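These are the residues of each chain, in order.
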Amino acid sequence: FFGLPHQAPHERVLIAADEASGLRTLIAVHNTARGPGFGGCRVWAYENDLAAHHDALRLSQGMSYKNALANLPFGGGKAVIVKPKGEFNREQLFAAFARAVDSLQGAYITAEDVGTTTADMRVVQRHTKYVSGIPREGAFGGDPSPKTAWGVFVSVQAGAKAVLGRSDLQGLTVAIQGLGAVGWHLAEFLHQAGAKLTVADIDPGKTAKAQAQFGATVVGVDQILAAPVDVLAPCALGASLNATTIPTLQAKLVCGAANNQLALPSDGNLLADRGIAYLPDYLVNAGGIISVAREYRGEGEEQAVMAEVSRIAERVTELLARIKVSGRTPAAEADAWAQSLLVRA
Ligand code: NAI
């Protein structure tokens, strides 16, 4: 499909444009065997249309796997909006996007992702009911990022125990690439648990704040992946782990929020060959989708959702046990595990 290395074809891809608002969107529904495709909407200044296609297809497949491993009654879907060049009216843009979502009649449910906010989702909500991640007066809902960060944090704990033999995170060194909505919350959780942080972000304001608040060591964006640490947490954009960067890594464990961290599936082998345990992104970063999925179904309750997110740690432990039996890499094992759940559904 588009000549890209996807393990399963997508069910449906909608390409929609709206001249008045400047909207150009691509909504990919990967697999609905478990339920409607559910995944966020990304706004990004893609280099070209093929790059946008590629991102939507990879991200939506990742959502199928993420939702299956998180045991949610949803399939995989994802939307990308090509960021309009120059000035644009955000409200008009998201109203037009919402109409595109609505035209799929529930095959895809949207939420926040990189480049979108809860305010954008409020606009979407005015034009379609197929949206989640909206702050609600006196009810559960809103920004999924802290839940995503919590899921990554408990995964670091589980990974540090299984891989590094650590019973707590006191003194554990962790490099965080990207101090955005998820990376910042992750830094807070890790700092509270006694970890020592090394951070990088293209925004110097964020790193300066982390230095002041957490005593973090600040390094350049071109140095963070190779930082001399126990754990690397990629929390910026995808494809940071590739044939160029993997040979430079010093961490023994990789566990972060960014979607599609591996540039290619074979990069999972490169990591394993170097003795680096990679905890697959879609396994550990499911906290946000758990939150918006429960909100969407009207089942949200803070403590119950946090408890559900905490159970990601059990699946990390199970994955690391499974690879001892199968001999697969964690990335290949997680793919196989998720695919088996899609087939069963
Ligand atoms: P965000 O846009 O709030 O944060 C990204 C951060 O990375 C920004 O601070 C940005 O300045 C920084 N950044 C960009 N390029 C960088 C580079 N080359 N080096 C260092 N820093 C760089 O995004 P958010 O929401 O925190 O998401 C982060 C990642 O986690 C994304 O890949 C997203 O798809 C993924 N994710 C987010 C979820 C959520 O609940 N927000 C849920 C699941 C996955």
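Residues numbered from 1 in each chain as written. Predicted model: local features only at pLDDT ≥ 70, side-chain atom pairs only at ≥ 80, totals over all residues. Heavy atoms only, no water.

With that settled, consider empty space enclosed by the protein. This structure, assessed with the given rule, holds 1 cavity of 30 Å³ or more. Empty space within the largest cavity amounts to approximately 50 Å³. In terms of lining, the largest cavity is formed by Leu 59, Gly 62, Met 63, Lys 78, Asn 259, Asn 260, Asp 281 and Tyr 282. Tallying contributions element by element places helix 1 (residues 49–69) first for the lining of the largest cavity, with 3 residues. In the lining of the largest cavity, the residues fall into 3 nonpolar, 3 polar and 2 charged. (1 Å grid on protein atoms, 1.4 Å probe; cavity = no way out; pocket = protein on both sides within 12 Å on 5 of 7 lines; lining within 4 Å. Points joined across faces, edges and corners; volume = space filled by probe spheres on them. Helix = DSSP H or I, 4+ residues; strand = E, 2+ residues; numbered from the N terminus. Nonpolar A, V, L, I, M, F, W, Y, C, P; charged D, E, K, R; others polar.)

Roughly 990 Å³ of internal volume is contained in the largest pocket. Lining the largest pocket are 42 residues, with Val 114, Val 182, Cys 235, Ala 236 and Leu 237 positioned closest to its centre. Of all the secondary-structure elements, those providing two or more residues to the lining of the largest pocket are strand 4 (41–44), helix 1, helix 4 (145–164), helix 5 (181–192) and helix 9 (287–296). Of the residues belonging to the lining of the largest pocket, the class tally is 19 nonpolar, 15 polar and 8 charged. Two domains each put at least three residues into the lining of the largest pocket: domain 1 (12–63 + 75–125) and domain 2 (145–284 + 314–344). (Domains from an automatic or database assignment.)

According to the domain assignment, the protein consists of domain 1 (12–63 + 75–125) and domain 2 (145–284 + 314–344). Once you take the C-alpha centre of each, domain 1 and domain 2 turn out to be 26 Å apart. Between domain 1 and domain 2, the residue contacts involve 12 residues of the former and 9 residues of the latter. Summed over both partners, the interface of domain 1 with domain 2 buries about 860 Å², with 51% contributed by carbon and sulfur atoms. The three residues of domain 1 that bury the most area against domain 2 are Arg 34, Arg 58 and Gly 62, which together make up 47% of that side's buried surface. At the boundary of domain 1 with domain 2, the tally comes to 0 salt bridges. Here domain 1 and domain 2 share 1 residue pair in polar contact (both at pLDDT 80 or more) between them. Listing elements by their share of the side of domain 1 that touches domain 2, those giving two or more residues are strand 4 and helix 1. Among the elements that line the side of domain 1 that touches domain 2, the one with the most residues is helix 1, at 3 residues. For the side of domain 1 that touches domain 2, the class distribution of residues is 4 nonpolar, 2 polar and 6 charged. (Contact = heavy atoms within 4.5 Å. Buried area = accessible area lost by both parts, 1.4 Å probe. Salt bridge = Lys/Arg side-chain N within 4 Å of Asp/Glu carboxyl O. Polar contact = N/O pair within 3.5 Å; in protein donor to acceptor, adjacent residues only side chain to side chain.)

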